[in-house]
Amino acid sequence: MVAQVIDGKAFAAKVRAQVADQVAKLKEENGITPGLAVVLVGEDPASQVYVRSKGKMTVEVGMNSYEHKLDVDTSEEDLLALIDKLNNDPAVHGILVQLPLPKHLNEDLVINSIDPAKDVDGFHISNVGLLGTGQKSMVPCTPLGCLMMLRDHHGSLSGMDAVVIGRSNIVGKPMAQLLLGDSCTVTIAHSRTKDLPDVVRRADIVVAAVGRPEMVPGDWIKEGATVIDVGINRIERDGKNKLVGDVDYASAAERAGAITPVPGGVGPMTIACLLANTLTAACRSNGLPEPEGLTA
Ligand code: NAD
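Residues numbered from 1 in each chain as written. Predicted model: local features only at pLDDT ≥ 70, side-chain atom pairs only at ≥ 80, totals over all residues. Heavy atoms only, no water.

1. Regarding the sheet that holds strand β5 (residues 161-165)
Taken together, the six strands give an open sheet; going across it, the order is β1-β11-β8-β7-β5-β6, and neighbouring strands pair in parallel fashion. The open sheet is flanked by β1 (4-5) and β6 (185-189), the only strands paired with a single partner. As paired elements, strand β8 (residues 226-229) and strand β11 (residues 258-259) share two bridges and run parallel to each other. Its bridge partner being in β11, T226 is matched across the sheet by A258. Set on the sheet, helix α6 (residues 141-154) makes contact with β1, β7 (205-208), β8 and β11; between it and β8 the angle comes to about 160°. (Pairing = 2+ DSSP bridges. Helix = DSSP H or I, 4+ residues; strand = E, 2+ residues; numbered from the N terminus. Contact = heavy atoms within 4.5 Å. Axes fitted to C-alpha atoms, helices over the stretch in contact; angles between N-to-C directions.)

In structure tokens form, the structure reads like this:
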């Protein structure tokens, strides 16, 4: 079997176009322009790249982008004061604090100081609890993007066996909750899982979120399974820098029914879902119906 490639780049462009349409309607019919505030502390080069492209795409879909760049030695008190200001600013519907934060700042404290209704990353403890209990929440962007691609490919996921490799708070755990919400039978595998190859071989859906280059070989994949590769790993091969996923793409594509490439799979969906979440937050905070097809 040669796998169908799930084109995350094209799908993300479609999601952004949907967001842009709804933003235009929201402006015209309700006079509301959704606003996303991104807070970056320090000068981590990867974070700077992310923040720049988030800002650019926010403006491209017609939203307002507010960037707050703070010194690496900003105190917790000053950061919390900024978040408090953004929580109380009616022009700001979504707040994202770029992680990781410098070591002297308490990440949990900072994230939990964001108004849960504006927590477009879905990391606030209230949103985690709401997702875990099947209630309306803000859903973390990367797993939301994976869910959208899976729904688009399969329609219903009900009854499918899903294995999520990785148990992080930002990808693995919320991904498992979302798949459970769509009635999959879900296994969360991690670094201490016994017989990982056997666990993965049972799965109709494999979501790999580990951070280890090409650790899942093709012979772990059940014939016809759908493979979602969240991993982004920089490696050097043949003297060149290359991005690869957590799945060995070449061998997995020979057995899978469908697979996301790296790059061009899950990555572009993450920012698209951040924009979708900001739109959702703007609609909810104004008592308007949520945008269709852009939430969990
Ligand atoms: P993390 O380091 O927080 O978690 C990794 C998880 O993998 C852990 O739960 C650990 O138990 C598990 N693990 C480690 N070694 C393992 C092994 N040998 N076998 C099975 N499980 C093992 O990472 P994260 O933040 O969840 O990110 C995972 C990957 O996804 C990274 O490559 C990251 O860059 C990528 N990522 C991509 C996006 C995107 O937008 N595409 C977003 C977030 C993360």
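Having seen the structure, we can now continue with the description.
2. Section: the pairing of β6
The sheet contact formed by β5 and β6 spans five bridges and is parallel. Bridging from a neighbouring strand, I165 pairs with A189 of β6. Read as a crossover between parallel neighbours, the route from β5 over helix α7 (residues 172-181) to β6 is right-handed. (Right-handed = clockwise from strand over helix to strand, strands pointing away.)

3. Considerations on the domain arrangement of the chain
Parsing the chain into structural domains produces domain 1 (30-115) and domain 2 (141-268). Put simply, the middle of domain 1 and the middle of domain 2, counted by C-alpha atoms, are 29 Å apart. (Domains from an automatic or database assignment.)

4. Some remarks on the pattern of salt bridges
Per the stated rule, a full pass over the model turns up eight salt bridges. With a shortest N-O distance of 3.3 Å, E290 and K136 are connected by a salt bridge. Of this pair, E290 sits in the segment after α10 (266-285) while K136 sits in the loop between α5 (125-132) and α6; the two residues are 154 residues apart in sequence, bridging distant segments of the chain. Here E290 falls in the partly exposed class, since its relative accessible area comes to 22%. Classification of K136 by relative accessible area gives exposed; the value is 61%. The salt bridge partner of D198 is R201, with a shortest N-O separation of 3.1 Å. Taken together, the residues span about one helical turn, with D198 and R201 both in helix α8 (residues 196-201) at a distance of three residues. Among the residues examined, D198 registers a relative accessible area of 43% and is labelled partly exposed. (Salt bridge = Lys/Arg side-chain N within 4 Å of Asp/Glu carboxyl O. Buried < 20%, exposed > 50% of the residue type's maximum accessible area, 1.4 Å probe, protein only.)

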